[in-house]
Amino acid sequence: MSFELKLAWKYFRARRKSLARFTSIVAIVGIAAGVASLIIAQSLARGFADEMQEKILVNTAHITIFSSDNSEIINWRQITEQLENAGNVREVSPTTYADAIVIGEAATSYAVLRVQSPKSKVQSPKSEDQKSTTDISVGARLAEKLNLKTGDKAEIVTLENQDAPTRTFLRVGGVFQTGLYEYDSTWIYVTPETFAYLAGKKEFTPTILSVSVLDIYAANETADRIRASLGENFKVVDWQEANQPLFAALSLERKAALAIISLIIFIAVLNITTTLALLVGERRFDIAILRTCGAKTRSLILIFLFEGLFLGFTGIVSGVILGLLACFAGNYFRIVSLSEEVYSLRYIPFHPNLSNILLTISIAFVLCLIATIYPAFRASRVKPLENIRNY
């Protein structure tokens, strides 16, 4: 270990005068608070983005295919067979969405019918006045609003290909929960046979083909291949393109938080400049002795650079520990609870990320290094003979 580093460590541990001691504490606390705040903000933003992405990918298609004029896909079986043999494609599901009104015992609400793999078949109506029931699956928030439970009958009003509204009684076979309020408060899963029955058709013909892929981050490349193979009669949208505004907004939010809190850290590290300036004044005699003994300008600069970095490093380490503990406590106690109606999520977890933590450490370290430059160069300009004589 060089003598500059040893001497800087000795000075760092030495007792300071009251004002220098106060500014040192303020510098460490300020840096720790800034680093912890940046880790918490980045973890919270990443947690929100990860939760949204996970729930969107679980409940919606990785790649969506529909005709250019939004009409039914007549040759969907042929296209499905073609796509299933393509690379990175795990499953192709025919589906469609339709608006409906659900009438329950407690209230009436707007709903979206979504075709899902069949669970039960529609039975023929027993009479003109009474239609048989079939199972549907209702979103948790929608079921709560309408006071519907498994086994209850729900009245579905549809306008699909009808001149007048069609009212059908269907049995609630289950209640599902996706974790996204927008889906849980409006979606109803129905089988293809049930949807055909509601639409007054003999068989179900999809308007959308939902493609599930093996590698979600290669979905855009897979979408490009599908787009080229199907031609101009079809539109192909991958999940990144469909949700681009949302993820762009979240990315902008993280960048804004990074910039703002970095400024806060910069203001905090200015206390290091103040502390070192005071220490230069306190140690003018020590500096003069070192210069008299042959210490070079480079050595004096390094001594005060190291001491300033020790202060910054103490604040950075404390901030990282504090930030990670805050993230752990936030996840354990679920501190960040939100209004589902506004943010679609009940709770946002903290997701600390190693790359974000290293970026935070790097930013704080660079700012601390910048803050030590002026006092270190000021120490190198102290005149030895004049200070020894005055002492």
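Everything that follows concerns the structure shown earlier in this document.
Right, let's walk through the structure included here. (Residues numbered from 1 in each chain as written. Predicted model: local features only at pLDDT ≥ 70, side-chain atom pairs only at ≥ 80, totals over all residues. Heavy atoms only, no water.)

**Remarks on the sheet that holds strand β10 (residues 234-238)**
Read across the sheet, four strands follow the order β2-β9-β1-β10 without closing on themselves; strand pairing throughout is antiparallel. At either end of the open sheet lies a strand with only one pairing partner, and these are β2 (89-95) and β10. Between one strand and the next, the sheet's axes are offset by a mean angle of 20°, whatever the strand orientation. When β2 meets strand β9 (residues 208-213), the two strands line up antiparallel, connected through six bridges. For V92, the partnering residue across the bridge sits in β9 and is V211. In the packing of helix α3 (residues 76-84) onto the sheet, contacts are made with β1 (63-67), β2, β9 and β10, and the angle to β2 comes to roughly 165°. Here helix α7 (residues 219-230) sits on the sheet and contacts β1, β2, β9 and β10; the angle it forms with β10, its principal contact strand, is near 175°. (Pairing = 2+ DSSP bridges. Helix = DSSP H or I, 4+ residues; strand = E, 2+ residues; numbered from the N terminus. Axes fitted to C-alpha atoms, helices over the stretch in contact; angles between N-to-C directions. Contact = heavy atoms within 4.5 Å.)

**Here's the deal with the environment of A98**
Relative to the helices and strands, A98 is located in strand β3 (residues 97-103). Here A98 falls in the buried class, since its relative accessible area comes to 5%. Taking the C-alpha atoms as reference points, A98 and I321, separated by 223 residues in sequence, lie 51 Å from one another. (Buried < 20%, exposed > 50% of the residue type's maximum accessible area, 1.4 Å probe, protein only.)

**A look at the packing of aromatic side chains**
In total, this model carries twelve aromatic pairs according to the counting rule given. Taking the centre distance of 5.9 Å and the plane angle of 90° together, the rings of F195 and F204 count as edge-to-face. Its relative accessible area of 8% is what places F195 among the buried residues. A relative accessible area of 9% places F204 in the buried class. Among the aromatic residues, ring-to-ring pairing joins Y97, F176, Y183, W187 and Y189 into one connected group. The ring of Y11 has R283 lying over it, and the distance from NZ or CZ to the ring centre is 4.1 Å. (Phe/Tyr/Trp six-rings, centres within 6.5 Å; stacked < 30°, edge-to-face > 60°. Lys NZ or Arg CZ within 6 Å of the ring centre and 35° of its normal.)

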